Amino acid sequence: MSKMASVTAAKVSSERVRALYSAYVLGNYADAPFALVKGEGSTVWDAENRRYLDFTSGIAVNTLGHCHPRWVERLSTQLKRLGHVSNLFHTPQQAELAKALSERAGPGKLFFCNSGAEANEFLIKLGRLHGLRKCGEEGRCHRIITAKNAFHGRTFGGMAATPQSKIQQGFGPMLEGFRHAQFNDASSFAEQIDESVCAILVETIQGEGGIHPAEADFLRELRVLCDAHGLLLILDEVQCGIGRTGKFFAYEHAGIVPDAIGMAKGLGGGFPIGAAWVAEPHAGLFKPGSHGTTYGGNPLACAASLAVLEVMEEEGLLERVSAKGPDWIASLKELATKHPEHLSGARGMGYHSALVVRGDPAHWIERLRENGLLTVRAGQDAIRLMPALNVTDQELQTALEIIDFVFGTN
């Protein structure tokens, strides 16, 4: 038996996995308390067979929960036919996914990549190409305005677009060409506009920053600003899109149409994929050779995404989140009112929600985990709660009971 086979065959335990991580995995993530080995729906099990209700959804990734039968079947079938060929060739899966997403976003075209960070890098390049078209001189109209407290990824473009010291620290100097304005304050964005600006880039809901939804009037005012000054309105829906708010895209609640959209996370339901939709007037800015990716939009990733879209439609998940989401948010707010010594409120839309705690959320995330509910931090004061879109009523109720118990006994 080879060394690799002996490792695979060894008894799996959280302790063993942690030891291997400590020895061989780069320490850019905090140490985890246990290893997860199995998932089904909204439930996961660790290596010691303890079960948890998963309200992280892989950080808004597992749209259909874990191992949905249709998703597994589509991936398995595709894997037996064709796994990867690169974008040197067309594949029917990518073509069908591009059509499906365009039908949801509007007339335009798609670029496929591997992650939200890559989608945002593409959108930054789109903004600069638009600036070149607008001003006729490279570098003259290249600046992009983003929001304070934003998060657009950890690449150099994404970091520069993210005005948070915890993200940028140690990697300076940042890429030049970004200005930052106050979220939900269109006048603050207007003050930053001059002839050097080519685009505005904002999250429809700030996720990593603490689950702060963009107000509908704010998005409408940004649309007017961009139209008046010839700027692109680019929306980062990497975390809040793909049905999480009860609409396929969160910006739909405001009744606007952006010029470009970044998406990822929930799009693949657990398989890595990112995408950017570009409205028809701007889709021709990229020419052959101007941008690319080896793995982006491969047949496996697109098969997974097509399965997600099919299940969302067949099971009426948008309608379900739209119907259940307001009650879920209201229930979280009731718990905050019930435990004011520890909670100061709740915020979010649909199943993109958060409890706002007094002090550091880390202690409470640990206590919730000890009682069987997995959550994730957001910003300085919030606990993200992101159930799968097909979470059951009983699972929602169980989560509320765990939250009530934990904040009522500490």
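Everything numeric here is computed off the predicted structure, so don't read it as measured data. (Residues numbered from 1 in each chain as written. Predicted model: local features only at pLDDT ≥ 70, side-chain atom pairs only at ≥ 80, totals over all residues. Heavy atoms only, no water.)

(A) Structural view of the sheet that holds strand E5 (residues 143-147). If you trace the seven strands from one edge of the open sheet to the other, you get E4-E12-E11-E10-E7-E5-E6, paired in mixed fashion. Unpaired on one side and paired on the other, strand E4 (108-113) and strand E6 (178-181) mark the two borders of the sheet. Within this sheet the neighbouring strands show an average axis-to-axis angle of 20°, counted without direction. In the sheet, E4 pairs with strand E12 (residues 274-279) via six bridges, with the strands oriented antiparallel. (Pairing = 2+ DSSP bridges. Helix = DSSP H or I, 4+ residues; strand = E, 2+ residues; numbered from the N terminus. Axes fitted to C-alpha atoms, helices over the stretch in contact; angles between N-to-C directions.)

(B) Just the pairing of strand E10 (residues 232-236), in detail. Counting buried residues in E10 gives five out of five residues, a clear majority hidden from the surface. With burial as the criterion, each face of E10 is covered, one bearing Leu 232, Ile 234 and Asp 236 and the other bearing Leu 233 and Leu 235. Note that strand E7 (residues 197-203) and E10 share five bridges and pair parallel. In the sheet register, Leu 201 faces E10, and the bridge partner there is Ile 234. Bridge analysis of E10 against strand E11 (residues 260-263) gives three bridges, and the strand direction is parallel. Paired with Asp 236 across the two strands is Gly 262, which belongs to E11. (Buried < 20%, exposed > 50% of the residue type's maximum accessible area, 1.4 Å probe, protein only.)

(C) Structural detail: unusual backbone geometry. The residue after Gly 172, namely Pro 173, is reached through a cis peptide bond having omega 0°. Mapped onto the secondary structure, Pro 173 falls in the loop between helix H8 (165-168) and E6. Unlike most non-glycine residues, Cys 67 shows phi in positive territory, near 55°. Mapping Cys 67 onto the fold places it in the loop between helix H3 (57-60) and helix H4 (69-81). Positive phi values are uncommon outside glycine, yet Asn 149 reaches one of about 75°. Along the chain, Asn 149 falls in the loop between E5 and helix H7 (156-161).

(D) Summary view of the layout of surface pockets. Counted as a void, the second largest pocket has a volume near 730 Å³. Forming the boundary of the second largest pocket are 28 residues, of which Asn 87, Gln 94, Leu 110, Phe 111 and Phe 112 lie nearest the centre. The set of elements that each furnish at least two residues to the lining of the second largest pocket consists of helix H5 (92-105), E4, helix H6 (116-135) and E12. No other element matches the five residues that E4 contributes to the lining of the second largest pocket. Among the residues forming the lining of the second largest pocket, the class breakdown is 13 nonpolar, 13 polar and two charged. (1 Å grid on protein atoms, 1.4 Å probe; cavity = no way out; pocket = protein on both sides within 12 Å on 5 of 7 lines; lining within 4 Å. Points joined across faces, edges and corners; volume = space filled by probe spheres on them. Nonpolar A, V, L, I, M, F, W, Y, C, P; charged D, E, K, R; others polar.)

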